[in-house]
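Single-letter residue listing:
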Amino acid sequence: MRKLVIGCAQLGPIQKSEPREMVVTRLMALLEKAHGQGATLVVFPELALTTFFPRWYMEGDAEVDAWFEREMPNAVTRPLFDRARELGVGMYLGYAELTPEGRRFNTSILTNTAGEIVLKYRKVHLPGHVEFDPDRAFQHLEKRYFEPGDLGFPVARALGGVMGMCICNDRRWPETYRVMGLQGVEVVMLGFNTPSVNSQKASEGPEARLFHHRLSCQSGAYQNSTWVIAAAKAGVEDGHPLFAGSLIVDPDGQIVAESETEEDELLVHACDLDRCAFGKDTIFDFARHRRVEHYGLITQRAGAEAPPE
Ligand code: CDT
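The structure displayed is predicted, hence computed values, not measured ones. Within any chain, residue numbers begin from 1 and follow the written order of that chain's sequence. Only residues with pLDDT of at least 70 are given local features in this predicted model, and only at 80 or more are side-chain atom pairs given and counted; all residues enter the totals for whole chains, interfaces and linings. As a rule here, side-chain values come from all non-hydrogen atoms in the structure, and water together with hydrogens is ignored.

The environment of the ligand is made up of Glu 46, Phe 52, Lys 123, Pro 127, His 140, Glu 142, Cys 168, Asn 169, Arg 171, Arg 172, Asn 193 and Thr 194. In protein, a polar contact means a hydrogen-donor-capable atom and an acceptor-capable atom, both N or O and within 3.5 Å, with residues adjacent in sequence counting only if both atoms are side-chain atoms; elsewhere, any N or O pair within 3.5 Å suffices. In this structure, an oxygen atom belonging to the ligand sits 2.8 Å away from a side-chain N or O atom of Asn 169. Out of a free accessible area of 370 Å², the ligand has 90% covered by protein chains. Each residue gets one label: Ala, Val, Leu, Ile, Met, Phe, Trp, Tyr, Cys and Pro are nonpolar, Asp, Glu, Lys and Arg are charged, and the others, such as Gly, are polar. Residues belonging to the shell around the ligand are distributed by class as follows: three nonpolar, four polar and five charged. The cutoff for a nearby residue is simple: one of its non-hydrogen atoms must lie within 4 Å of the molecule or strand. For the accessible areas, the method is Shrake-Rupley and the probe is 1.4 Å, while residue cover comes only from the protein chains on display.

Next up, the structure:
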C-alpha cells in the first residue's frame, strides 16, 4: 500500500471586496486542519486567492492586472508557503498568473513537502467569451483575460506518486485525463469555479450541473485508473452562485468523499496509490489495447464535421 493522505479544501465564496490577506488566512486554517487529520497534500480551488473575477467585464490593463500575481510565492502568499513547509504539507494552488512578459494565464502549481514548486500547469480549455455578451444572464470572460495554457498536461513524480493537474473546464474533456493517463498519472488534482446555473440555458440548474461535474470526474478517474481530487469554490459571490460538489474519486470511478456545504470545508481521504495498478495493468492496459492508428482525428481536427448530406 502506498498511502497518500490528501485534503480537498473547498472554499466558500470570496467577495470582490475581500482582500487576499483574508483569503490566505482562510487557506491557512484549512491547511492546518488538513495537517491535523494527517494530510500531506492539500488541494485548493481554481483562482483561490480572489473572487472569480472573469465574471466582471473590464477594459483597462491596470484594472485587470490587479487580479493577477506577478510571482509565486509573493508577499501575500508567503505565510501560506512557509506554514505548509513547516508542517510538511504539499499544496495545489490555483491563481491568476501575470508573467514578466505581460502574458496572462489561469495557473496552478504543486509544491512538495519542502515547500518547493515541483509542477506548474496553465489552463488549456478556456470557457466563455472575449467581449461583453448582452444575451447572457451573466458574463464568463476567461477567453478575454487568459491565454490558453502553453505547458501541455505535464505530470511529475512527487509526494510518493505520479501527480498531474488540470483546472475546472479541463475536467470535462477526456483528452485532459488521457494525456496524463499516458504518463502514468496516479493523482489528478483540479480546482474549479462553476456557476450553479447555465448563463445560456436557464432550464439547466444546479442538479444537472452537478451531474455533469461528477460524470466528468468519475469517468476521467475510471478510464485512466487514477485518483481525482476536485476542489470547488462555492457559494454566492456578489450575487453569483457557484455550486460546491468538491470530490475525491477513486481509481474505480467511485466517489469516496463529497462536500456537504457551500462554505470552507475540508475532505480528507487516505488514498492508496497502489489501487491505480489494477486498472492500468489490466482493463486499461494502454500498451496492449490502444489502437493509435485509429485515433488520428483526435489531434488532426478540433471541431466536429459530419459527412455531407
Ligand atoms: N471556471 C470554469 O472553467 N468554469 C466552467 C464554467 C463554464 S460556463 C461558461 C466549467 O466548466 O465549470
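Our focus in this paragraph is a nonpolar patch on the surface. Patches here are clusters of residues that have more than 30% relative accessible area and form no salt bridge, with a 9 Å joining cutoff for like charges and a 5 Å cutoff for nonpolar side chains (Val, Leu, Ile, Met, Phe, Trp, Tyr). By salt bridge we mean one thing: a side-chain nitrogen of Lys or Arg within 4 Å of a carboxyl oxygen of Asp or Glu. A cluster of nonpolar side chains, contributed by Tyr 222, Phe 278 and Ile 283, occupies part of the molecular surface with about 320 Å² of accessible area. If you trace the backbone, Ile 283 turns up in the loop between helix H7 (276–281) and helix H8 (286–289). Here a strand is any run of E in DSSP of at least two residues, a helix any run of H or I of at least four, and the numbering for each starts at the N terminus.

Working definition: a ring pair exists when centres of Phe, Tyr or Trp rings (six-membered ring for Trp) sit within 6.5 Å. Plane angles under 30 degrees give stacked, over 60 give edge-to-face, the rest tilted. In the structure shown here, the tally under the stated rule is nine aromatic pairs. Both rings, one in Phe 53 and one in Tyr 145, keep their centres 6.0 Å apart while their planes meet at 50°; by these two values the pair is tilted. A residue pair is termed long-range when its members are at least 10 positions apart, and Phe 53 in the loop between strand E2 (41–43) and helix H2 (61–65) and Tyr 145 in helix H4 (residues 142–145) qualify at 92 residues. Measuring from centroid to centroid gives 5.5 Å for Tyr 121 and Phe 153, while their planes differ by 25°, and the two rings are stacked. Within this pair, whereas Tyr 121 is found in strand E5 (residues 117–122), its partner Phe 153 is found in the loop between H4 and strand E6 (155–158), the two being separated by 32 residues in sequence. The rings of Phe 53, Trp 67, Phe 68, Tyr 145 and Phe 146 are connected pair by pair, giving a single aromatic cluster. Over a ring means this: the NZ of a Lys or the CZ of an Arg is within 6 Å of the ring centre and within 35 degrees of the ring normal. Just above the ring of Phe 105 sits the side chain of Arg 122; from NZ or CZ to the centre is 4.1 Å.

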